[in-house]
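# Structure assessment
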Amino acid sequence: MTDFYLDYNATTPIDPQVAEAMLPFVHGLFGNPSSGHSFGVAAREGVDVARGQVASMLGCAVDDLIFTSGGTEANNHAIRGVVSAYREKGDHIITTAVEHPAVTEVCRYLEKYGIRTTYLPVDEYGMVDPQQVEEAITPETLLVTIMHANNEVGTILPIAEIAEIAHRRGVLVHSDCAQSIGKIPVKVDELGVDLLSVAGHKLYAPKGIGALYIRPGVELAKLMYGANHEQNRRAGTENVIEMAGLGKACELIEENLAEYASHMRAMRDRLEQGLLESGHDARVNGHPERRLPNTCSIAFRGVEADRVLASLPTVAASAGAACHSDQVEVSHVLQAMGVPTEYAMGTLRLTVGRFTTAVEVDRAVAEITEEVGRLMPAGADCSRRRQ
């Protein structure tokens, strides 16, 4: 049987329509967008179209958007750029305990140079309390950087409320929206953010392309130096092929988001229901309502998730913990949520996408149910189910 994919939060395939939009810049329109001749002009037109498509999806002006090499660069540019540009005003950043390493590692790097970081806790659902954000703000706070949706459990965080609180105190807000774009609506004015990161490979565009929204009036120090590309904000000859891909991917999202989300939710719910009704002791991690429509973080008590995944015949997915002979390495997200070890060690992250089918979901339920049962310790109580 052919392997099938339930790891869409890790990366997505390139949508065929995205690949088609990239082809002209692969086969003929190869010019440097900075060149004044016809080859360069054609390439520049491709960049302009792509920027307009991304900006339209986000609801911002084209001049407020720069292309990057991906979400990691966008996060680095936003966080380090604010700290460098506003360093004389303070030395404090606020984030959460469940951020992606593309944010937490930037903060830890800056801590070596005197920047203080507050890592806010989350509740059992992975939700941060906006009131704790307000309590953490000091006169030295430069930036609040909090993800829009968690990549492991899918919890959607209250960014608009957090942004309103931060702005009352004169603090800038950045949100890593790598996981939310393409699954739920993401508009810069509705979120109220000053900076927003986009990762192409999470939304059916190629790897190696992303974007950063910068609200007018926000100063950012450069992350890379060179010529004056991207409004003199990000040096480097434009990656026209992948920019065209990202632009088309964003256009598809703007036109079809409701349809995409409805399909993903149906597939996720079918998967989740089947696993919860399997007879094993299982629980779902993440917020019961404010959760991405494609994400199922399901924990089976008393089994090791990495062993389950290794034994599945065809399912490709991710584990929330790695189990070794003498210890269990639980993800920082599940730790922050306080998921009991006996459940955390058996957590599978199953994420569906726009190409997932009901046949694949039903096969996944059957395979996972069988393998969990096979690996369950003898005599274990599998009669309870929790959500």
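The text that follows walks through the structure, step by step, so that each part is easy to find. (Residues numbered from 1 in each chain as written. Predicted model: local features only at pLDDT ≥ 70, side-chain atom pairs only at ≥ 80, totals over all residues. Heavy atoms only, no water.)

## Section: the nonpolar core
- Counting residues in each nonpolar core, the largest one holds 94 residues, and the members touching the most others are Leu58, Ile181, Leu196 and Leu246.
- Among the elements that take part in this core, helix H9 (residues 240-276) stands out by supplying 15 residues, more than any other.
- In this structure, Ile181 is in contact with Met57, Leu58, Val186, Leu196, Ser197, Val198, Leu203 and Ile253, ignoring residues within four places of it in sequence.
- Membership of the second largest hydrophobic core comes to 21 residues, among which are Val103, Leu143, Leu195 and Ile214. (Core = buried A, V, L, I, M, F, W, Y, C linked by side-chain atoms within 4.5 Å. Buried < 20%, exposed > 50% of the residue type's maximum accessible area, 1.4 Å probe, protein only. Helix = DSSP H or I, 4+ residues; strand = E, 2+ residues; numbered from the N terminus. Contact = heavy atoms within 4.5 Å.)

## Focus: the pairing of strand E6 (residues 172-176)
- Burial runs high along E6: 5 of the 5 residues are buried.
- Alternating positions in E6 separate into two faces, Leu172, His174 and Asp176 on one and Val173 and Ser175 on the other, with burial throughout.
- Of the pairings in the sheet, the one linking strand E5 (residues 141-145) to E6 comprises 3 bridges and is parallel in character. Of the residues in E6, the one forming a bridge with Val144 is Val173. (Pairing = 2+ DSSP bridges.)

## Concerning the packing of aromatic side chains
- Considering all chains together, one arrives at 5 aromatic pairs under this definition.
- Here the aromatic rings of Tyr5 and Tyr8 are separated by 5.1 Å at their centres, their planes lie at 70°, and the arrangement is edge-to-face.
- For Tyr5, a relative accessible area of 28% corresponds to the partly exposed category.
- Here Tyr204 and Phe355 contribute two aromatic rings whose centre-to-centre distance is 5.7 Å and whose plane-to-plane angle is 85°, an arrangement assigned as edge-to-face. Of the two residues, Tyr204 is situated in the loop between strand E7 (195-199) and strand E8 (210-214) and Phe355 in the loop between strand E15 (347-351) and helix H13 (358-375); the sequence distance between them amounts to 151 residues.
- The class for Phe355 is partly exposed, based on a relative accessible area of 36%.
- Through successive ring pairs, a cluster of aromatic residues spans Tyr5, Tyr8, Tyr204 and Phe355.
- Taking the ring centre of Tyr204 as reference, the NZ or CZ of Arg354 above it sits at 3.6 Å.
- Directly above the aromatic system of Tyr260 lies the positively charged group of Arg354, at a separation of 3.9 Å from the ring centroid. (Phe/Tyr/Trp six-rings, centres within 6.5 Å; stacked < 30°, edge-to-face > 60°. Lys NZ or Arg CZ within 6 Å of the ring centre and 35° of its normal.)

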